[in-house]
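Architecture at a glance
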Amino acid sequence: KTPSSSLLSSIEDQTNSVRSQTTTKIRPLHQNWWPVSTTNALDESRPNAVELLGVRHVLFKDQETGEWKCLDDKCSHRFAPLSEGRIVKKACSSSSSSSS
């Protein structure tokens, strides 16, 4: 017995439907989240240089929030590596100064 052409067409349609449902669009590598380090491998007192996919980044711990932050490892003004710098605590200014 040979299956009818309508049956083959129906099976082919179902197969194509399953393929289209399971096919996902792959995002470019640079548009994904990637782990770059464990926090216990980082030094909280200084900027930490890391490289991911050929791009240099700097990780540092925000002194105010306690969260780790990630930036491109270059100063936007002088293009020097931020990872070669240091973390400076913010100076607090007080509006209530006493005058003598």
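Above this text is the structure in question.
Right, let's walk through the structure included here. Everything quoted here is computed from the prediction, not taken from an experiment. (Residues numbered from 1 in each chain as written. Predicted model: local features only at pLDDT ≥ 70, side-chain atom pairs only at ≥ 80, totals over all residues. Heavy atoms only, no water.)

1. Thoughts on the pattern of salt bridges
Inclusion rule: Here, a salt bridge means any side-chain nitrogen of Lys or Arg that lies within 4 Å of a carboxyl oxygen of Asp or Glu. Only DSSP runs of H or I covering at least 4 residues are called helices, and only runs of E covering at least 2 are called strands; the numbering of each starts at the N terminus. Here the term buried applies to any residue with accessible area under 20% of the maximum for its type, exposed to any over 50%, and partly exposed to those in between, with areas from a 1.4 Å probe on protein chains only.
Counting across every chain of the model gives 4 salt bridges. Lys61 is the salt-bridge partner of Glu44, the closest N and O atoms lying 3.4 Å from each other. With a gap of 17 residues between them, Glu44 in the loop between helix 1 (5-22) and strand 1 (48-52) and Lys61 in strand 2 (residues 55-61) connect regions that are remote in the sequence. Glu44 sits in the partly exposed class, given a relative accessible area of 44%. The partner of Arg56 in a salt bridge is Asp73, and the shortest N-O contact between them spans 2.8 Å. Of this pair, Arg56 sits in strand 2 while Asp73 sits in the segment after strand 3 (68-72), and the two are 17 residues apart along the sequence.

2. Quick word on the environment of Asp43
Convention followed: We call two residues in contact whenever any of their non-hydrogen atoms come within 4.5 Å of each other. What qualifies as a polar contact is a pair of N or O atoms within 3.5 Å, subject to a donor-acceptor requirement within protein and to the restriction that residues adjacent in sequence count only when both atoms come from side chains.
Within the secondary structure layout, Asp43 lies in the loop between helix 1 and strand 1. With relative accessibility at 31%, the residue Asp43 sits in the partly exposed group. Spatially, the C-alpha atom of Asp43 lies 8.1 Å from that of Phe60, the residues being 17 residues apart in sequence. Apart from the residues lying within four places of it in its own chain, the contact partners of Asp43 are Asn48 and Trp68. Polar contacts involving the side chain of Asp43 include one to the side chain of Ser45, which spans 2.7 Å.

3. A short note on the sheet that holds strand 2
Selection rule: Between any two strands, pairing holds if DSSP finds at least two bridges. Helix axes use the C-alpha atoms of the stretch in contact, all axes being lines fitted to C-alpha atoms, and the angles between their N-to-C directions lie in the range 0 to 180 degrees.
Taken together, the 3 strands give an open sheet; going across it, the order is 1-2-3, and neighbouring strands pair in antiparallel fashion. Looking at which strands have only one partner, the edges of the open sheet turn out to be strand 1 and strand 3. Between one strand axis and the next, the sheet turns by 35° as a mean value, whatever way the strands run. Of the pairings in the sheet, the one linking strand 1 to strand 2 comprises 5 bridges and is antiparallel in character. Bridge assignment links Glu51 to a residue of strand 2, and that residue is Arg56.

4. As for the layout of surface pockets
Test applied: We place a 1 Å grid over just the protein atoms. Points where a 1.4 Å probe fits but has no way out form a cavity, open points with protein on both sides within 12 Å along at least 5 of 7 lines form a pocket, and any residue with an atom within 4 Å of a point lines it. Grid points are joined across faces, edges and corners, and a volume is the space filled by probe spheres set on the points. Asp, Glu, Lys and Arg are counted as charged, while Ala, Val, Leu, Ile, Met, Phe, Trp, Tyr, Cys and Pro are counted as nonpolar; the rest, among them Gly, fall into the polar class.
Within this model, the largest pocket holds a volume of roughly 350 Å³. Secondary-structure elements contributing two or more residues to the lining of the largest pocket are strand 1, strand 2 and strand 3. With 3 residues, the single largest contributor to the lining of the largest pocket is strand 3. Class assignment of the residues belonging to the lining of the largest pocket gives a composition of 10 nonpolar, 4 polar and 1 charged. For the second largest pocket, the calculated volume is near 200 Å³. Residue lining of the second largest pocket: Phe60, Lys61, Asp62, Gln63, Glu64, Ile87, Val88, Lys89 and Lys90, and that is the complete set. Looking at the lining of the second largest pocket residue by residue, the class counts come to 3 nonpolar, 1 polar and 5 charged.

That's the geometry; what it means functionally is another story.
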